[in-house]
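# Summary of the model geometry
What follows is each chain in one-letter form.
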Amino acid sequence: MVGAGLSGAVIGRHLAEAGHSITVMDSRPHIGGNCHTERDADTGVMVHLYGPHIFHTDDEEVWSYVNRFATFRPYKNQVKTTTRGAVYSLPINLHTINQFFGQTLRPEEARRFIEAKADTTITDPRTFEEQALRFVGRDLYEAFFKGYTIKQWGCAPSELPASILKRLPVRFNYDDNYFFHRFQGMPEEGYTRMIERILDHPNITVHLETPVTRDMAARHDRVFYAGPIDGWFDYSLGRLGYRTLDFERFSHQGDWQGCAVMNYGDVEVPWTRITEHKHFAPWESHEGSVLYREHSRACEPGDIPYYPIRQVAEKTLLARYVDLARTEANVTFVGRLGTYRYLDMDVTIREALDCAAIYLDSLDGRKPMPAFTVNPL
Ligand SMILES: Cc1cc2nc3c(=O)[nH]c(=O)nc-3n(C[C@H](O)[C@H](O)[C@H](O)COP(=O)(O)OP(=O)(O)OC[C@H]3O[C@@H](n4cnc5c(N)ncnc54)[C@H](O)[C@@H]3O)c2cc1C
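Let us look at the structure shown here. Source: prediction; values computed, not measured. (Residues numbered from 1 in each chain as written. Predicted model: local features only at pLDDT ≥ 70, side-chain atom pairs only at ≥ 80, totals over all residues. Heavy atoms only, no water.)

## Structural notes on the pattern of salt bridges
Opposite charge on two side chains lets them pair, provided their charged atoms get close. What counts, and what does not: We define a salt bridge as a side-chain nitrogen of Lys or Arg found within 4 Å of a carboxyl oxygen belonging to Asp or Glu. Put simply, DSSP marks the helices as runs of H or I at least four residues long and the strands as runs of E at least two long, and each gets a number from the N terminus on. For the exposure calls, accessible area comes from a 1.4 Å probe over protein chains only, and a residue counts as buried if that area is under 20% of its type's maximum, exposed if over 50%, partly exposed in between.
Per the counting criterion, the structure on display carries 27 salt bridges. In this structure, the salt-bridge partner of Asp354 is Arg350, at a minimum N-O distance of 2.9 Å. Residue Asp354 and its partner Arg350 are located together in helix α10 (residues 345-362), separated by four residues, close to a single helical turn. The exposure class of Asp354 is partly exposed, given its relative accessible area of 34%. Among the charged side chains, a salt-bridge network with shared partners connects Asp59, Glu61, Arg350 and Asp354.

Here it is as structure tokens:
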């Protein structure tokens, strides 16, 4: 397994339980991949080192899988946003609408009110901007989507595809739970402890600070690679575009912002959001506090790739890497970097379990193990 994140750990565990001998290697000095959590030595706060992670899923099998390795505490993600000098509730809900427009509308009134604001001259929205204008109209779009999106993606929303904003991003009730999924929660002892337990099997050996290169693949029967697909080929065809994040970490005595996530919608504010990590563990109590100001920018060589851009140019390049990957003798590309897709943790686990099952089936020799068990294109 190249990568000791969720992909490598889950596939590794599944195959270890089937009797295989698994070597997990990661270039970082810790397991957990981007889900890595560790306690801050000064405050005792559980910090999500690569940005906050909230577990949410509708997949019962995945939910029972994670509960096998961790005790999950209830956690509801209630995001706020500061925009134009006021604080609002996200996702845009009845409270946001009433506060923003100075109204006291009930659900059906609000629905009609927003419909009247929507730009109905846009019949076939092609860009993010058109989609937002079509759904919610200019006022809400400019206050809640425009500035944040420019900062997050580094380009105008009129240059982004409409598909980013898939469905109506507004609720006509007071539900401010960010996620729709039935199962949501936080592992009581953090994600790294959970992944440590997944990796804790007599057939699994973990090597940290061990970068894996393509020439090492021949030493193993099969390689499951959760690193960047372009990196496997030494970027020979060029680099796939990503956004990276800079976390400006600071501490505070007491409660800095009163919530876990505060977005900043104004384009003049350089960060996209501030996260206060102790609020991700509301069952704990800490006097000190650790916070991250999050800045998004283009990923350069040496940066951590966070969000795949996946626009037309990137997908064309991805297709060429996929062709190359399919010629590899014994490598399967997995996870968010191996398939160049944004994947939530539950989807990562689902795909990892399926991938391991496909591999076990392939061992009877009837079907060869493919380079991808999901189509990355
Ligand atoms: C900012 C951010 C916030 C997120 N928040 C959420 C959330 O709230 N909820 C949610 O469900 N999901 C969230 N996610 C998604 C979550 O992080 C992923 O689903 C998960 O990390 C994917 O696991 P993975 O194992 O595929 O990849 P990773 O976690 O990236 O692990 C890959 C590992 O491979 C290692 N590696 C790479 N190349 C090599 C190499 N050549 N040799 C050795 N090791 C190598 C890396 O060091 C890394 O540890 C978030 C993602 C980001 C970027």
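## Focus on the site of the ligand
Applied cut-off: Throughout, the term near means that a residue has one or more heavy atoms lying within 4 Å of the molecule or strand in question. Each polar contact in these results corresponds to two N or O atoms within 3.5 Å; when the atoms are within protein, one needs to be able to donate a hydrogen and the other to accept it, and residues that are neighboring in sequence are counted only if both atoms are side-chain atoms. Surface accessibility follows the Shrake-Rupley procedure with a 1.4 Å probe radius. Residue values consider only the protein chains on display as shielding. All residues other than Ala, Val, Leu, Ile, Met, Phe, Trp, Tyr, Cys, Pro, Asp, Glu, Lys and Arg, Gly among them, are scored as polar; the first ten of these are nonpolar and the last four charged.
The local shell around the ligand holds 33 residues, among which Ser7, Asp26, His53, Leu343 and Met345 are the closest. With respect to the ligand, the side chain of Ser7 contributes an N or O atom lying 2.7 Å from an oxygen atom. Here an oxygen atom of the ligand sits 2.9 Å away from a polar atom, N or O, in the side chain of Arg336. For the ligand, the accessible surface in isolation is 1000 Å², of which the surrounding protein chains cover 94%. If you list the elements that add at least two residues to the shell around the ligand, you get α1 (6-17), α9 (335-338) and α10. At three residues, the largest contribution of residues to the shell around the ligand is made by α9. Considering only residue class, the shell around the ligand consists of 18 nonpolar, 11 polar and four charged.

So far we have only geometry, and geometry alone does not tell us how the molecule works.
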